[in-house]
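Coordinate analysis (summary)
The chain contents come next:
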Amino acid sequence: MLQKLFIFFINVGGAWKLLSGTVEGQTQVDNPQNEEMAFWSHPIDIHFATKGLQGWPKLHLQVWHQDSFGRNELYGYSFLHIPSTPGTHTLLSPTWRPLGTWQEQISQMFVGGGPQLKSPNLIYGGADRYRLQTTAMGQVHVELTVILRNFDRFGVEC
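In this text, all values refer to a predicted model and were calculated from it rather than measured experimentally.

**As for the overall build of the chain**
A tally of regular secondary structure across the chain gives one helix and eight strands. Starting at the N terminus and ending at the C terminus, the chain contains elements arranged as β-β-β-β-β-β-β-α-β. Counting the 158 residues in the chain, one finds 33% classified as buried. Look at the contacts in the chain between residues 6 or more apart in sequence, and 67% of them connect residues 24 or more apart. Total accessible area computed for the chain in this model is approximately 10,400 Å², and 53% of it derives from carbon and sulfur atoms.

Okay, structure coming up:
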């Protein structure tokens, strides 16, 4: 049985100010039976103010699992842009993890662990991410509700 845990981080640019909420956290652990889907239903309530649109918020996800030996291992990374239109959005966020060398893959099977990124900045893009050898690890289904206030007052159309 693999217990799954989901950790989140909100990444924003310098023009954004956190008014309330927490920009990182973790969900409860789910213990799906027979490789079924894991459910978290974890509320994320965050309020920002901004003076500019650069650095629009991104949701960075990490999925971890605990194997039958009690080892906690990274299952996958993912990120998605928070939608820039108001309303409720259902999003799919594909997860991936670094593949590592064949020696690391064999070691991971017997000892656990596995390659992890030294810098989370690689998750958000840039040319360096595309040089990584990765493997797909499934998808996270995210439902977000976005509320925009005073954007129209300042001439920002969504």
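The discussion continues.
**Overview of the nonpolar core**
Grouped together as the largest cluster of nonpolar side chains are 18 residues, with contacts concentrated most on F6, W40, L59, L61, I82, V140 and V142. Among the elements that take part in this core, strand β8 (residues 134-146) stands out by supplying four residues, more than any other. W64, F79, L117 and I123 belong to the second-largest nonpolar core, a separate cluster that totals eight residues.

**Considerations on the confidence of the model for the chain**
Taken residue by residue, the chain gives an average pLDDT of 81. The fraction at 70 or more is 87%. Within the chain, the lowest mean pLDDT, 75, falls on helix α1 (residues 102-111), and the highest, 93, falls on strand β2 (residues 16-20).

**Remarks on the packing of aromatic side chains**
Summed over all chains, the structure comprises four aromatic pairs. Look at W56 and F151: their rings are 6.2 Å apart centre to centre, the planes differ by 85°, and that puts the pair in the edge-to-face class. Note that W56 is positioned in the loop between β4 (47-50) and β5 (58-66) and F151 in the segment after β8, a separation of 95 residues in sequence. Neither residue differs from the other here; W56 and F151 are each classed as buried. Their ring planes at 45° and their centres at 5.5 Å tell us that Y77 and W96 sit as a pair that is tilted.

**Description of the side chain of R97**
As for its placement among the helices and strands, R97 is situated in strand β7 (residues 87-98). Among buried Asp, Glu, Lys and Arg side chains, R97 stands out as unpaired, with E73 the closest opposite charge at 8.0 Å. Residue contacts for R97: discarding those within four places in its chain leaves L74, Y75, G76, Q108, Q133, T134, T135 and M137.

**So, the pairing of strand β6 (residues 72-81)**
Of all ten residues in β6, seven are buried, a share of seventy percent or more. Hairpin connection between β5 and β6: a loop of five residues separates the two successive antiparallel strands, and G70 in this loop has a positive phi of roughly 85°.

**Considering a nonpolar patch on the surface**
Side chains of W102, I106, M109, F110 and V111 sit close together on the surface and give an oily, nonpolar patch of about 630 Å² of accessible area. With respect to the helices and strands, the residue V111 is situated in helix α1.

Basis of the calculations
Residues numbered from 1 in each chain as written. Predicted model: local features only at pLDDT ≥ 70, side-chain atom pairs only at ≥ 80, totals over all residues. Heavy atoms only, no water. Helix = DSSP H or I, 4+ residues; strand = E, 2+ residues; numbered from the N terminus. Buried < 20%, exposed > 50% of the residue type's maximum accessible area, 1.4 Å probe, protein only. Contact = heavy atoms within 4.5 Å. Areas by Shrake-Rupley, 256 points an atom, 1.4 Å probe, with all protein chains shown as cover. Core = buried A, V, L, I, M, F, W, Y, C linked by side-chain atoms within 4.5 Å. pLDDT = per-residue confidence, 0-100. Phe/Tyr/Trp six-rings, centres within 6.5 Å; stacked < 30°, edge-to-face > 60°. Lys, Arg positive; Asp, Glu negative; His and termini not counted. Salt bridge = Lys/Arg side-chain N within 4 Å of Asp/Glu carboxyl O. Pairing = 2+ DSSP bridges. Patch = residues over 30% accessible without salt bridge, like charges linked within 9 Å, V, L, I, M, F, W, Y side chains within 5 Å.

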